[in-house]
Amino acid sequence: MNQFSYVRPASQKAAIDAIFRDNTARFIAGGTNLLDLMKNGVTAPEKLVDINRLPLKDIRFSNNILHLGATTINSEVAAHPLVKTHFPLLSQALLAGASQQLRNMATTGGNMMQRTRCSYFYDITMPCNKRSPGTGCGAIGGINRMHAIFGASDQCIAVHPSDMCIALAALDATVIVAGPKGGRRIPFADFHRLPGNTPEKDNNLGKGELITGVEIPANPFTRHVYYLKVRDRASYAFALVSVAAALDISGSTIRQARLALGGVAHKPWRLYEAEKMLTGKAPTEENFRIAATVATRSAATFQHNAFKVPMAQNSIITALSKAAAI
Amino acid sequence: MSQADKEQSSCPGKPDKHEARREFLRQSSAIMALALAPPLIVKAGEHDEAIAGIFEKMPVNMEINGKAYRLSVEPRVTLLDLLREQLALTGTKKGCDHGQCGACTVHVNGQRVNSCLTLAVMQEGKKITTIEGLAAGDQLHPMQEAFIKHDGFQCGYCTPGQIMSAVACIREGHAGSPGEIREFMSGNICRCGAYDNIVAAIMEVKQGGQSV
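Report follows, based on the coordinates. (Residues numbered from 1 in each chain as written. Chains lettered and ligands numbered in written order. Predicted model: local features only at pLDDT ≥ 70, side-chain atom pairs only at ≥ 80, totals over all residues. Heavy atoms only, no water.)

**Regarding the sheet that holds strand 5 (residues 65-69) of chain A**
Residue and element names in this part refer to chain A. Across the sheet, five strands lie side by side as 4-5-8-6-7; this open sheet has antiparallel pairing. What marks the edges here is a single partner per strand, and that holds for strand 4 (59-62) and strand 7 (182-187). Taken pair by pair, the neighbouring strands of this sheet meet at an average axis angle of 20°, ignoring direction. Here four bridges tie strand 4 to strand 5, and the two strands are oriented antiparallel to one another. (Pairing = 2+ DSSP bridges. Helix = DSSP H or I, 4+ residues; strand = E, 2+ residues; numbered from the N terminus. Axes fitted to C-alpha atoms, helices over the stretch in contact; angles between N-to-C directions.)

**A look at the nonpolar core**
The biggest cluster of nonpolar side chains holds 51 residues, and the ones touching the most others in it are Leu89(A), Leu90(A), Met112(A), Leu168(A), Val175(A), Phe188(A) and Ile216(A). Examining the composition of this core, we find that seven residues originate from one element, helix 9 (residues 164-170) of chain A, more than from any other. In this structure, this core is formed jointly by two domains, domain 1 (5-52) and domain 2 (227-324) of chain A, each of which donates at least three residues. By size, the runner-up hydrophobic cluster in this structure holds 36 residues, among which are Leu48(A), Met58(B), Val60(B) and Leu79(B). (Core = buried A, V, L, I, M, F, W, Y, C linked by side-chain atoms within 4.5 Å. Buried < 20%, exposed > 50% of the residue type's maximum accessible area, 1.4 Å probe, protein only. Domains from an automatic or database assignment.)

**Comments concerning the sheet that holds strand 2 (residues 25-28) of chain A**
The sheet built from four strands is open, its strands ordered 2(A)-3(A)-1(A)-1(B) with mixed pairing. On the outer flanks of this sheet lie strand 2 of chain A together with strand 1 (48-52) of chain B, each paired with one strand and no other. Pairs of neighbouring strands in the sheet enclose a mean axial angle of 20°, with direction left out of account. Sheet topology places strand 1 (residues 5-9) of chain A next to strand 3 (residues 47-50) of chain A; three bridges connect them, and they run parallel. Residue pairing in the sheet places Ser5(A) in a bridge with Lys47(A) of strand 3 of chain A. Seen against the sheet, helix 1 (residues 12-21) of chain A touches strand 1, strand 2 and strand 3 of chain A together with strand 1 of chain B and runs at an angle of roughly 145° to strand 2 of chain A. (Contact = heavy atoms within 4.5 Å.)

**Details of the pattern of salt bridges**
This model, assessed by the stated rule, comprises 21 salt bridges over all chains. With its nearest N and O atoms 2.6 Å apart, the salt bridge here joins Arg115(A) to Asp202(A). Taken together, the residues span a long stretch of sequence, with Arg115(A) in the loop between helix 7 (108-112) and helix 8 (119-122) and Asp202(A) in the loop between strand 7 and strand 8 (210-217) at a distance of 87 residues. Assessed through its relative accessible area of 13%, Asp202(A) is described here as buried. A network of salt bridges, in which partner residues are shared, links Lys39(A), Asp81(B), Lys94(B) and Asp97(B). (Salt bridge = Lys/Arg side-chain N within 4 Å of Asp/Glu carboxyl O.)

This is how it looks when you write it as structure tokens:
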């Protein structure tokens, strides 16, 4: 690991100032991804700004909105009665990610800031436009079994690694940000980016901006939800495909549906068209099959990842069936 | 006498090649260090609670296995390296050093974590328990006893991490069934493949109802 200086600011303002003044500085919370990247030489910040002592640890439900502070711990959020009762999809997604040791360290904000696990991004001897813009993409034409089937560009085909974020995308969360020029709110769908010509940018945070929390509005998705994660081993592996499915069912009609995919794009991949198709329909396997076809119409595959299209379709059908308990 | 020995003995006043190289490395790394260190490493903010420069050690207070320590560490030292290299608590193992194997599992304020992926300077005021702190004197912890009884290891390298993780697994309430144990122990890899016996050990301690 490179040498770096360390600062533990006593206020949010001091933390933001420290990052704003120094381009080589990074916030550290759980550190589970950042320290790993630093050990691999993928990133080498010269200063770490520790935000763990800032008052960003609250979990509260008020005015029909769940507020999660940025440094709330993944395992605590997953086990919190408010989350389990009102937002079970989020709890399921969190428990599908990492191991209990890592969930005991990882934070809500840090989880959103995770970098891709693309092996070409991690291997500093390989070309990677995300790590070193302009060097090319090793995965296009390389071993791209784990890579994107939606929204990729000719610069980058990496996928976003989080499970938590797939649930947050499905549940229409809002990211609360503080920065040198004040605070702002970013709808979850606009937080992460597609790679385009700037794959080095994972998200739309500005210089010096700090995630202070996430808000999720109350929703009717308390019963018919399912987070399905398909991976190379039963636990503790990144997703090949994951599905966050939430249904609001009244009688034999789907009033509302939420669907998002993980492991398939540079950001959580919300399936708006399939959601629309399901609205007003009966929760049957036949309808879920149609939704899965609609959901994967825009898929584009590479040499080794064409299997992800049928896998995504089958996963959508399974997740919706489990959510609907049919 | 070989050619090299002759050359060396012919100029006794000169350092041998290896020594010269070592001296060069010493000098060049010192120069490198100066070059890397900006004139003012860190501008201390008025509101900073704690601060350490690039080559600066900073004081850290923590309690490890019930004993209070006042330590001095560089920012880049992980909790794992602090335990092993500075405090000689080598029961905690370095497996992958990337949070993928669980061999470095310790408890911080009662929660199991990967000590390889957290910095020692971030542990100010925390209570750490390592495998060395689990037994009560000569009396092994019930989980240690159960691992021995059920042959929960072969080479033993992952065992301290497995045991720390297993104790936490029961305390968290995640040891209700073999399936739940497998899921919540998935962050601890055993290359020898002693998983069945590890699950049996955890099940026995859980069902024994002993205080862990």
